[in-house]
Every structure is written in C-alpha cells, then in structure tokens.
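Residues per chain are reported as follows:
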Amino acid sequence: MSTQSPTLHPVEETAATEQISEDARAAADEARVGWERFEQLIAEDKRVEPRDWMPDNYRKTLVRQVSQHAHSEIIGMQPEGNWITRAPSLKRKAVLMAKVQDEAGHGLYLYSAAETLGTPRDELYEQLYTGKAKYSSIFNYPARTWADIGAIGWLVDGAAITNQVPLCRASYGPYGRSMVRICKEESFHQRQGWEILYSLSHGTEEQKQMAQNAVDRFYGPALQMFGPPDDESPNSRQSMAWNIKRFSNDELRQRFVDMIVPQAEALGLRLPDPELKWNEERGHYDYGDLDWDEFFSVVKGNGPLNHQRLAHYRAARDNGAWVREAAAAYAAKQQQTEYDAALLAA
Amino acid sequence: MTKPEQNAEQIPDGGVIATDPADRSLWPLWEVFVRSSRGLSHVHAGSLHAPDASMALRNARDLYTRRNEGTSIWVVPTAEIAASDPDSKGGYFESAQGKAYRHATYYTQSEGVPHL
C-alpha cells in the first residue's frame, strides 16, 4: 500500500507521477468507502470491530477513554488495597482481596480493548507511569476509615456501574465486550460495600457515626464521577453521536441519585445534600450544586493524594521489573533449549 | 489519509521473545479461549500478554476464570491467527448470499404435515 501523500504538485507528467496519482486515488477511494461503511454501521447501531476502517478521531477518542478507564481500575486498587491488612475480619479480608483482584482484572480487560485500537500495551503503561494519562479523580481521595471502604463499594462502584451498564452497548466491539464482563463482576462490589455500611450503621453509636462520616466524604466526589455538567462537557456530544456514550453525564448522575436515595434510607444514613428532595413534577430527586472548582482542581493534580497514587504505581512497577525480565529471560532460554533439542534430534 | 494497515490490530511478534535486554519486558500477546463446561466449544474470552505458553495459561486462569467460568483453557499466540480481510466482507462471503434454499424455512409446502 502506498505511503505517498495524496497532495500532488503540478509537475510534468511522468510514469512515476502517474503511479503516485493512481495510488493516491486508490487511497482516497478506500477512505471514502471506509467512511461510508463506518457511517452506516453507526446509523444502524451495529458494532465497529478492530480491523474496520474508522475515523482518526473516533480511534483517538476511544484510546483515550478506554485507557483512562483501564488506568482508573489500576489506580483504584490502591485505596482499598491499603485496607486489606486492616480488614476487621477474615471474611471481610477475603472479600476485599477478591474485589481488588477484580479491579486488576478489569484494568487488564480494558488495556486489551485499548490495544486493539493500535496503541501498544507498553505505551499505555508508560502514559500512566509518566503522569501523562488521566484516571478517575475519585481515586485521589484517601480511604481514612474502614467505613470508607463501605462507602467506596456502595457509592464509587455504584456510580461506576451506572456509568458502565450503558457502555456495554458502546459501538466499539472490544470495549463493549470488556464492559459486559466487568459489569457482571462488579455487582458484588456494590453490595459488599453497602453491607459494610449496613453493619456499621446498625452497630454502636460510634460505628454509625463513622459510616455517616464516610458517606459525607464520598457523596459529592461520587456524583462527580459522571463528569462535568452537560453544558461544560464538549466531547460528550460527539461520543453520543458515535454511540460510544448512550446517555449524557447529567442523565446518568440523575439516575444514580434516584437510585441511592432509597438505599441510603435503608441504611439509616443521611446523604449530605440539604437540597435533595423528591420533585413530583419531574419524577426525579432534585439535588444541590456540586463543588466543581474542587473537581477541576483534583483533575489538575491538586487532590489530596494525586502525588502518592502515582508514586505508589511507579514504585510497584519499578519493583516488579525484575520479575517481568526474569520471566521473559526464562521463556527465551526455554525456546532456545527446545530449538537446540530439535536440531540434535534431526 | 488513513490506510488499512493503520487500522489492523497491531500485534507484537507472537511467540518470538525479543532478545534485546531493553525490550525484554515486551511480552507477546495471546488470545484466550475458555470452555465453560464439558460438551461446549472453547469460546474466545479475551487476550493477555505473557512471556510463554505456560505463563499465558496461568495468567488466563487468573484473569478469565475467577468465578468458575471454565473447565479448560486454550491460549494461542495472536500473531499465529490468520484472519479474513475485513475490507472484503461483501465479496468474500457473497457465495452464501441469495441461497435461501440452504435453510429449512425455504420449504413451505409441507406446512401442517407432522414431523417435517
């Protein structure tokens, strides 16, 4: 396939330039056919697969979104991993380990999906390592108490599920498929978090207060996980036109608020929003403004733990380098041994 | 201008371990197929990176069968998979088009006749 630019200079016609113009025409034809097929797939709400032609911006948008999602799963292990040694019982510890292991798995499913778009895995890891890539801001908040682990499971994973269920139908096949796996596994995460809070809110006065404090801390940041309000989210519209996103940030946020109000009531805990009330006319709960200045400040790197999260990731990656190298060296040696044995046998 | 090559899945050289020490962390990509229970086919579950087949199998077990999803796993180097060209969809599968008579539903005369 030609790598020539389709732009032609008005030079004397020679055999070579004829060849170039033919190649350029062929490339242009292919792009046009590819574009038409892509538009048709989107219009018919069908899936785009890795080797299909797709517009550069569609590819770029997906690489960014899917890899950010993967990075979030990986960094998201930290606030909870931090509590494995301090879980209050063996059962809670086993559950927490299973959950953290799931997050690692979810990161890997998503990296695989991102990789099918043509960005190698190592490049994706590098982007996180160097701090070039973003991940969900929520993970820059600390898990201060055991109750925070409950609030993270209930509110953070709850918000993630609300966001992820429609992504199962994302137009890019590998992304949708990885989301299906993730959603199946994620439902236990939210329930176990809710149960942690339930135990605490039905315990001593002190335990109930600890649960309330955790909910107070995570309510706002969890609602912000859906991203900025619709009028400040310029990329959303294009993502929805491409069937990557199915609902706007505010629609998903509303859905989440409507869901958690009765869940909080069942816990006997209060959501820290004085403006939260049922709106008969809309058939939804009204909720108060969120602190978007804080949100953007955390996104920019000024959250409580942005620095530590990245430093911890780098240390884990650096400290594991010898394991990866040893495994590769062993594989190379085995391959050489097999090759030698085959030669000797011949 | 986007060329079809740029759209192809970028796959590292499967099964070939880079000998350059600087590149040693570049593990090849493997496709994972899981048989969910006896009597069923292995079905594609996803992919992962691993230095060799035995590590790929172990990683596949940890990654794709954490909830009893499988009784057997295959791993195949991604680079070893030959695939039909996605750009020739129409043409390549054309001979199956317009041959409704290959399906039982094409034959309607027997409607109402038992066991047919």
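First things first, this report covers the structure right here in the doc. Please read these numbers as outputs of a predicted model, since none were measured by experiment.

### Examining the packing of helix H4 (residues 90-115) of chain A against helix H2 (residues 53-64) of chain B
Where H4(A) meets H2(B), the axes come as close as 9 Å, and the angle between the chain directions of the two elements is 110°. Taken together, the axis directions place H4(A) and H2(B) in an arrangement best described as roughly perpendicular. Residues Gln101(A), Gly105(A), Leu108(A) and Tyr109(A) of H4(A) lie in contact with H2(B), whose contacting residues are Asp62(B), Leu63(B) and Tyr64(B). Taken together, the residues of the contact of H4(A) with H2(B) sort by class into four nonpolar, two polar and one charged.

### Overview of a nonpolar patch on the surface
A surface patch of nonpolar side chains, about 360 Å² in accessible area, is lined by Tyr101(B), Tyr106(B) and Tyr107(B). Mapped onto the fold, Tyr106(B) is located in the segment after helix H3 (89-92).

### A closer look at the pairing of strand E2 (residues 42-49) of chain B
Residue and element names in this part refer to chain B. With respect to burial, E2 is a largely interior element, six of its eight residues being buried. Two elements, strand E1 (residues 29-35) and E2, share seven bridges in a ladder whose sense is antiparallel. Bridged to arginine 35 within E2 is histidine 42. Two successive antiparallel strands, E1 and E2, enclose a turn made up of six residues, where glycine 39 displays a positive phi of approximately 95°.

### Considering the packing of aromatic side chains
Residue and element names in this part refer to chain A. Under the criterion given, the structure shown has 15 aromatic pairs over all chains. Here the aromatic rings of tryptophan 194 and tyrosine 198 are separated by 5.2 Å at their centres, their planes lie at 25°, and the arrangement is stacked. With tryptophan 194 and tyrosine 198 both in helix H7 (residues 173-201) and four residues apart, this pair spans about one turn of that helix. Seen in terms of ring centroids, phenylalanine 295 and phenylalanine 296 are 5.2 Å apart; in terms of plane orientation they differ by 80°. Their pairing is edge-to-face. These aromatic residues form a ring-pair network of at least three members: Phe38, Tyr58 and Trp242.

### A closer look at the sheet that holds E1(B)
All names here are of chain B. The three strands lie next to each other as E2-E1-E3, forming an open sheet whose pairing is antiparallel. In the strand order of this sheet, the two ends are held by E2 and strand E3 (72-77), each with one partner. Strand-to-strand, the axes of this sheet are offset by a mean angle of 25°, without reference to chain direction. Contacting E1, E2 and E3, H2 runs over the sheet at an angle of about 110° to E2.

### Describing the nonpolar core
Judged by nonpolar contacts, the single largest core of 89 residues is most densely connected at Tyr58(A), Trp154(A), Tyr175(A), Leu271(A) and Leu48(B). With 10 residues, helix H6 (residues 146-167) of chain A is the single largest residue contributor to this core. Excluding anything up to four places from it in sequence, Leu271(A) contacts Trp154(A), Val215(A), Tyr219(A), Ile260(A), Val261(A), Ala264(A) and Leu276(A).

Calculation notes
Residues numbered from 1 in each chain as written. Chains lettered and ligands numbered in written order. Predicted model: local features only at pLDDT ≥ 70, side-chain atom pairs only at ≥ 80, totals over all residues. Heavy atoms only, no water. Axes fitted to C-alpha atoms, helices over the stretch in contact; angles between N-to-C directions. Helix = DSSP H or I, 4+ residues; strand = E, 2+ residues; numbered from the N terminus. Parallel < 35°, antiparallel > 145°, perpendicular 65-115°, else oblique. Contact = heavy atoms within 4.5 Å. Nonpolar A, V, L, I, M, F, W, Y, C, P; charged D, E, K, R; others polar. Patch = residues over 30% accessible without salt bridge, like charges linked within 9 Å, V, L, I, M, F, W, Y side chains within 5 Å. Areas by Shrake-Rupley, 256 points an atom, 1.4 Å probe, with all protein chains shown as cover. Salt bridge = Lys/Arg side-chain N within 4 Å of Asp/Glu carboxyl O. Buried < 20%, exposed > 50% of the residue type's maximum accessible area, 1.4 Å probe, protein only. Pairing = 2+ DSSP bridges. Phe/Tyr/Trp six-rings, centres within 6.5 Å; stacked < 30°, edge-to-face > 60°. Core = buried A, V, L, I, M, F, W, Y, C linked by side-chain atoms within 4.5 Å.

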